[in-house]
Amino acid sequence: MNMAARTTEKTSYGISAWPNNNELMDRLKALLAQPPRGISKSNMSKVLDYFEQKCPTSKAWAARASEVIPGGVQHNLAFNYPFPIAATKVEGPYMWDADGNRYIDFLQAGGPTLLGSNYLPVRQKAHQVIEECGPVTGLLHEYEFKLAELIRQHMPGIEMFRMLGSGTEACMGAIRLARAHTGKKWVIKVGGDYHGWSDQMVYGMRVPGTGRREATGIPKGATAYTQEVFPNELGTLRRKLMLNRFRGGTAAVIVEPLGPESGTRPVTPEYNREVRKLCDEFGALLIFDEVVTGFRVGMGGAQGYFNVKPDLTVFGKCLTGGYLMAGGIGGAKDIMMTLVGGIGTSSKRAFVGGTLSANPLSCVAGYYAIEEMARTNAPVLAGRAGDRLAKGLKEIITRLGLPYVVYNMGSIVHLQTSAVLLMSMRTPIKLKREANARKHLMEEMGAAYLAHGILTLAGSRIYTSMADTDEVIDDALERFDAVFRLV
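The notes below deal with the structure included here. (Residues numbered from 1 in each chain as written. Predicted model: local features only at pLDDT ≥ 70, side-chain atom pairs only at ≥ 80, totals over all residues. Heavy atoms only, no water.)

1. Observations concerning the overall build of the chain
Each helix and strand in the chain was counted, giving 16 helices and 14 strands. Scaling as 2.2 N^0.38, a compact globule of 487 residues should have a C-alpha radius of gyration of about 23 Å, and the chain matches this with 22 Å. In terms of principal-axis extent, the alpha carbons of the chain reach across some 70 × 55 × 50 Å. Restricting the contact set of the chain to residue pairs at least 6 apart, pairs at least 24 apart contribute 75%. Averaged over its 56 positive side-chain charges, the chain has a centre that lies 7 Å from the centre of its 46 negative ones. (Helix = DSSP H or I, 4+ residues; strand = E, 2+ residues; numbered from the N terminus. Rg over C-alpha atoms; globule rule 2.2 N^0.38 Å. Contact = heavy atoms within 4.5 Å. Lys, Arg positive; Asp, Glu negative; His and termini not counted. Charge placed at Lys NZ, Arg CZ, Asp CG, Glu CD.)

Written as structure tokens, this is what we have:
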């Protein structure tokens, strides 16, 4: 691809405007300062009646699952209150449960299905490869390099790409690769960022300052060289980089480029650029975790939107358009060659593996999903839907005099009603006293949305897709209006 064509591509991103960080954080702090305000008790009983009356199959399946599955579900996204809802059909902007109830699907499987759920052109290609060679062979398939070529075509920071099975695997591999390439050991993350569930990254998750507190069963040594800094605090990052210089050096700084939890605490517009400068100054690699943002923000990812070139990029979710084994690492050739595959090599390398990694089904689905995203301009269409939804939600909240906060980065819409994810260990007493109540409020809001035909992520985040037409968004806004009248 010539440079002119690539430059033109980089002008189309789903984020029409970046939130005003100072104004937004003031509003979020004001929400956090107030007592939790949710659905009234009398109205909440009516919400719960919906699940008893309309979702008997989901309730029965949830009870059955709880007998054989710890907690009753296999994936954190499925922890809906009062019990998990069982999906049996998805199509475009909608999901149907096991009792035939239809929901506007703003979960979109946690973000992968930018094209809309079960997108037909990609589904047809997936069926074709299954019929011709099956989902996995263990040998080289042409779509392995075709997918890598397509990613390199769109992403500014990618020269080579290695596919893995998930975002967690990709983060783990990227950190190993950074240490192997630099010969250094320290890794710095941002408190509140989520980089998967590997031992070294279950550290300062979701709530900044929590360090190792959110998981047990991890030896102390696993996080001995993991550090966290609070969001947007460049001075703290500089001090840690300076200190690490005398303790073996920093291998990498890993960030969610929108901010922790997909922008739940948004970065300032200049943050990624300044982190890039600090990494260059101290000889650390910059890792962008683009599991959520890769192709959802735009075909060039967050790195294209911010015009910041990371050394390594972590992929997941949109990489395969909702199909399985979505994970991978991309970066500059001189770094990526340390990730060379093979058996018995004596050269320095960062070993990764996976029998199902880069299987034909995932690679074909990924190739055609990304091709369709580019052809249809899906990131921009999904971003426009997010803009329309956020604007409408703000109008409703203002009209009803509610303290809630809504903002979006294109197709990633944040609807903060409890502000539980804005808490930190800097106010430990408040965290201890209020975290559970605020978490439950968020769960109840999610249940109320469900009872009104809207599926969200944990009652606080919404992913729009290309399938969300104006008609779908306007329908959703009427439903949200009905929910907020119950507060």
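2. Things to note about the pattern of salt bridges
Across all of its chains, the model carries 20 salt bridges by this definition. For the salt bridge of Lys 430 with Glu 434, the shortest nitrogen-to-oxygen distance reads 3.0 Å. Of the two residues, Lys 430 and Glu 434 both sit in helix H15 (residues 428-451), 4 residues apart, roughly one turn of that helix. Note on Lys 430: relative accessible area 22%, which makes it partly exposed. (Salt bridge = Lys/Arg side-chain N within 4 Å of Asp/Glu carboxyl O. Buried < 20%, exposed > 50% of the residue type's maximum accessible area, 1.4 Å probe, protein only.)

3. As for the nonpolar core
Counting 89 residues, the largest nonpolar core has Phe 51, Phe 106, Leu 389, Leu 393, Phe 480 and Phe 484 as its most contacted members. Broken down by element, this core gets its largest block of residues, 10 residues, from H15. Discounting residues that sit within four places of it in the chain, Leu 389 has contacts with Phe 106, Val 413, Ile 462, Thr 464, Ile 473, Ala 476, Leu 477 and Phe 480. Of all hydrophobic cores here, the second largest spans 33 residues; its members include Ala 126, Ile 158, Met 299 and Tyr 368. (Core = buried A, V, L, I, M, F, W, Y, C linked by side-chain atoms within 4.5 Å.)

4. Some points on the state of the cysteines
All chains considered together, the criterion is met by 0 disulfides. There is no disulfide at Cys 318, and the cysteine sulfur nearest it, in Cys 171, is 15 Å away. Judged by its relative accessible area of 0%, Cys 318 falls in the buried class. (Disulfide = S-S within 2.5 Å.)

5. Description of the pairing of strand S12 (residues 412-416)
With 5 of 5 residues buried, S12 lies mostly within the body of the structure. Because side chains alternate across S12, one face comprises the buried residues Ile 412, His 414 and Gln 416, and the other comprises Val 413 and Leu 415, equally buried. Connecting the antiparallel pair strand S11 (residues 405-409) and S12 is a turn made up of 2 residues, with Gly 410 showing a positive phi of about 65°. As paired strands, S12 and strand S14 (residues 461-463) are joined by 3 bridges and run antiparallel to one another. (Pairing = 2+ DSSP bridges.)

6. What to know about the pairing of strand S3 (residues 102-105)
The two faces of the sheet receive side chains in turn, since in a regular strand these alternate between them. In this structure, strand S2 (residues 94-97) lies alongside S3, joined through 3 bridges in antiparallel fashion. Residue pairing in the sheet places Trp 96 in a bridge with Arg 102 of S3.

7. Structural notes on the side chain of Thr 113
Within the secondary structure, Thr 113 sits in the loop between S3 and helix H5 (120-133). We classify Thr 113 as buried; its relative accessible area is 8%. If sequence neighbours within four positions are ignored, Thr 113 has contacts with Gln 108, Arg 296, Gly 321, Gly 322 and Ser 465.

8. A word on the environment of Asn 377
In this structure, Asn 377 sits in the loop between helix H13 (360-376) and helix H14 (378-399). You can call Asn 377 partly exposed: its relative accessible area is 32%. For the pair Asn 377 and Tyr 13, spaced 364 residues apart in sequence, the C-alpha to C-alpha distance is 8.9 Å.

9. So, the packing of helix H3 (residues 41-54) against H15
Between H3 and H15, the least distance of the axes is 9 Å, while the angle of their chain directions is 55°. Relative to H15, the element H3 is oriented oblique. Judged by the sense of rotation from one axis to the other, the crossing of H3 with H15 is left-handed. Each of Met 44, Val 47, Tyr 50 and Phe 51 in H3 lies in contact with H15, whose residues at this interface are Glu 444, Ala 447, Ala 448, Leu 450 and Ala 451. (Axes fitted to C-alpha atoms, helices over the stretch in contact; angles between N-to-C directions. Parallel < 35°, antiparallel > 145°, perpendicular 65-115°, else oblique. Left-handed = near helix turned anticlockwise from the far one by under 90°.)

Keep in mind these values describe shape, not function.
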